[in-house]
Amino acid sequence: MSKSHMFGLLIFLGFSIFPEVTWGSDLKKYPLLMPNVHPYRDDFYVCTPIKIVPDKSFYIVGFEPNASMNVVHHMLLFGCSTLASYDEYWDCGEMADSEWDGTLQKATPCAQGSHVIYAWARNAKPLKLPDDVGFLVGKDTPIKYLVLQIHYTKKFPDGQTDNSGLFLLYTQQEQSKLAAVLLLAVGGRIPPHNITHMDVECRIKENKVLHPFAYRTHTHSLGRVVSGYRVTRDNGIDHWHLLGKRDPLTPQMFYRVFDETPIRQGDKIAARCTMDSTERDVYTEVGPTNKDEMCNFYLMYYVEEGNPLETPSCYDMGPPNQFWQTNDDLNNIPDKEASSLY
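Conventions adopted
- Sequence positions are assigned chain by chain, starting from 1 and proceeding in written order.
- For a predicted model such as this one, the threshold for reporting local features is a pLDDT of at least 70, and the threshold for listing and counting side-chain atom pairs is 80 or more; totals across whole chains, interfaces and linings nevertheless cover every residue.
- Hydrogens and water are ignored here; the side-chain numbers use all heavy atoms of the structure.
- Every helix listed is a DSSP run of H or I at least four residues long, and every strand listed is a run of E at least two residues long, numbered separately from the N terminus.
- Based on C-alpha atoms, the radius of gyration is set beside the globule rule, defined as 2.2 Å times the residue count to the power 0.38.
- Buried, partly exposed and exposed residues are distinguished by accessible area as a fraction of the type maximum, computed with a 1.4 Å probe on protein chains only: under 20%, between the cut-offs, and over 50%, respectively.
- What makes two residues a contact is simply this: any of their non-hydrogen atoms within 4.5 Å.
- The sign given to each residue is positive for Lys and Arg and negative for Asp and Glu; His and the chain ends receive no count.
- To locate a charge, the coordinates of NZ of Lys, CZ of Arg, CG of Asp or CD of Glu are taken.
- The pairing criterion for strands is at least two bridges between them, as found by DSSP.
- Each axis is a line fitted through C-alpha atoms, taken for helices only over the stretch in contact, and angles between the N-to-C directions span 0 to 180 degrees.
- By nonpolar core we mean a set of buried residues, namely Ala, Val, Leu, Ile, Met, Phe, Trp, Tyr and Cys, connected to one another through side-chain atoms within 4.5 Å.
- pLDDT is a per-residue confidence score from the predictor, ranging from 0 to 100.
- Working definition: a disulfide is two cysteine sulfur atoms within 2.5 Å of each other.
- The salt bridge criterion pairs a side-chain nitrogen of Lys or Arg with a carboxyl oxygen of Asp or Glu, the two atoms within 4 Å.

1. So, the overall build of the protein
Okay, so step 1: In terms of regular secondary structure, the protein is built from 2 helices and 24 strands.
Okay, so step 2: For 342 residues, the compact-globule estimate of 2.2 N^0.38 gives 20 Å, and the protein sits close to it at 20 Å.
Okay, so step 3: By its C-alpha atoms, the protein is 60 × 50 × 30 Å across when sized along the principal axes.
Okay, so step 4: Taken across its 342 residues, the protein has 53% of its residues classed as buried.
Okay, so step 5: Taking contacts inside the protein between residues at least 6 apart in sequence as the whole, the part at least 24 apart equals 83%.
Okay, so step 6: In the protein, the 32 positive side-chain charges and the 42 negative ones have mean positions that sit 3 Å from each other.

In structure tokens:
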């Protein structure tokens with residue numbers, strides 16, 4: 001029986017889509033794994049979904065990776081309102097410039113309501129959320145499906161398959177603090193033989209209080225430093241409070257933030273990736289392959305009242321035209337500090 005048919009049967013019978021496997025006291029564990037996929041080309045992006053039981057709510061409180069960086073470049077877990085494909089798995093390399101080869105259906109991870117819940121790369125360790133904090137999914141939430149996306153860098157030999165993925169730790173016991181992830185990402189292109197800053201900034205416009213507790217950085221091979229800040233303004237002067245800073249070529253897990261001060265409406269979140277292309281002879285574009293680059297800063301937070309942000313991501317165009325210094329709404333920029341690990 002295919003996975004999609006199995007899930008339909010579970011819902012029809014009224015069972016939880018999560019199996020009754022005990023982990024700890026009230027926690028259970030669900031294996032969200034690739035169904036023995038065969039990456040038949042380099043830089044292969046593949047997605048596989050699960051549907052959440054519609055009449056129940058679940059709180060995801062931890063993540064256990066089941067993957068190795070020797071096989072998997074990175075994994076993303078999305079929450080979706082609707083799916084872009086209802087196949088057991090599909091080609092979800094929507095950023096790729098290469099033409100669709102017709103082997104698998106090609107679609108984005110989500111059709112509507114896309115939220116990044118978790119990300120993994122470079123042999124990152126398991127993540128357990130703080131006490132009373134959980135990602136709410138299912139009934140009365142916009143997250144009706146979970147989609148695991150995996151990027152395989154190299155194609156597999158004929159006949160070889162893979163079932164990498166995640167074990168989700170979850171509970172039906174209500175958690176008083178709702179978790180979410182704010183993604184900051186930068187586009188643009190990186191010139192050769194240069195040190196380039198990729199900057200992004202966004203203002204918190206919603207009337208919510210965000211309690212940051214973890215951050216994660218992501219670049220490909222050119223990244224040297226990724227830093228993220230909460231920016232507040234007093235008498236016209238910006239004050240930059242460091243949320244996190246990391247060498248992105250170390251394990252790309254979620255680390256505890258440097259500053260847990262709440263983020264409020266009107267505050268800004270800013271991130272920078274410092275990229276070293278001194279050994280490259282060509283321009284490097286932002287894109288999905290290992291030859292391309294990415295600049296992402298993930299901020300994991302919780303809210304004690306109401307729901308998390310309705311807008312879960314923030315993007316800037318990046319180099320060669322957009323930097324913190326070209327933003328008229330930023331000042332007192334910690335240029336050296338943001339670009340160095342020390």
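2. Looking at the sheet that holds strand β18 (residues 223-234)
Each strand in a sheet pairs with another by means of backbone hydrogen bonds, the pair being arranged parallel or else antiparallel.
Okay, so step 1: Read from one edge to the other, the open sheet built from 4 strands follows the order β16-β21-β18-β19, with strand pairing classed as antiparallel. Unpaired on one side and paired on the other, β16 (195-203) and β19 (237-246) mark the two borders of the sheet. Neighbour-to-neighbour, the strand axes of this sheet turn through a mean angle of 25°, independent of strand direction.
Okay, so step 2: Alignment of β18 against strand β21 (residues 268-276), held across 8 bridges, turns out to be antiparallel. Its bridge partner being in β21, Val 226 is matched across the sheet by Cys 273.

3. With respect to the nonpolar core
Okay, so step 1: Counting 92 residues, the largest nonpolar core has Phe 63 and Leu 146 as its most contacted members.
Okay, so step 2: Not counting residues up to four positions away in its chain, the partners in contact with Leu 146 are Leu 32, Thr 48, Pro 49, Ile 50, Ile 52, Ile 60, Leu 77, Phe 78, Gly 79, Ile 117, Val 137 and Leu 168.

4. Let's talk about the environment of Leu 83
Okay, so step 1: Within the secondary structure, Leu 83 is located in strand β6 (residues 82-83).
Okay, so step 2: Leu 83 sits in the buried class, given a relative accessible area of 7%.
Okay, so step 3: Considered as a pair, Leu 83 and Pro 288 are 205 residues apart in the sequence and their alpha carbons are 21 Å apart.
Okay, so step 4: Apart from the residues within four sequence positions on either side, Leu 83 is in contact with Pro 49, Trp 90, Pro 109, Ala 111, Tyr 145 and Val 147.

5. Concerning the confidence of the model for the protein
Okay, so step 1: Taken over all residues, the pLDDT of the protein has a mean of 91, while the share at 70 or more is 91%.
Okay, so step 2: Below a pLDDT of 50 lies the segment residues 1-23, which in the model reaches 42 contacts outside its immediate sequence neighbourhood of four places, other chains included.

6. Some details on the state of the cysteines
Okay, so step 1: For the coordinates displayed, the defined rule picks out 3 disulfides.
Okay, so step 2: With a sulfur-sulfur separation of 2.3 Å, Cys 47 is cross-linked through a disulfide to Cys 92. Taking the torsion about the S-S bond as the criterion, the Cys 47 to Cys 92 disulfide, at about 90°, is right-handed. Residue Cys 47 is found in strand β3 (residues 44-51), and its partner Cys 92 is found in the loop between β7 (90-91) and β8 (110-112); the two are separated by 45 residues along the sequence. Assigned by exposure class, Cys 47 and Cys 92 land together as buried.
Okay, so step 3: Here the cysteine-cysteine linkages of the protein are recorded as 1-3, 2-4, 5-6, numbering only bonded cysteines and doing so in sequence order.

7. What about the pattern of salt bridges?
Okay, so step 1: The tally for this structure, following the rule as stated, stands at 14 salt bridges.
Okay, so step 2: The shortest N-O distance in the salt bridge between Arg 41 and Asp 91 comes to 2.8 Å. One end of the pair, Arg 41, is in the loop between β2 (27-33) and β3; the other, Asp 91, is in strand β7, and 50 residues separate them in sequence.
Okay, so step 3: Overall, Asp 91 belongs to the buried group, its relative accessible area being 1%.
Okay, so step 4: For Arg 233, the salt bridge is made with Asp 238, and the minimal N-O distance between the two is 2.7 Å.
Okay, so step 5: You can call Asp 238 buried: its relative accessible area is 0%.
Okay, so step 6: Members of the salt-bridge network, linked through shared partners, are Arg 203, Arg 233, Asp 238, Lys 268 and Asp 329.

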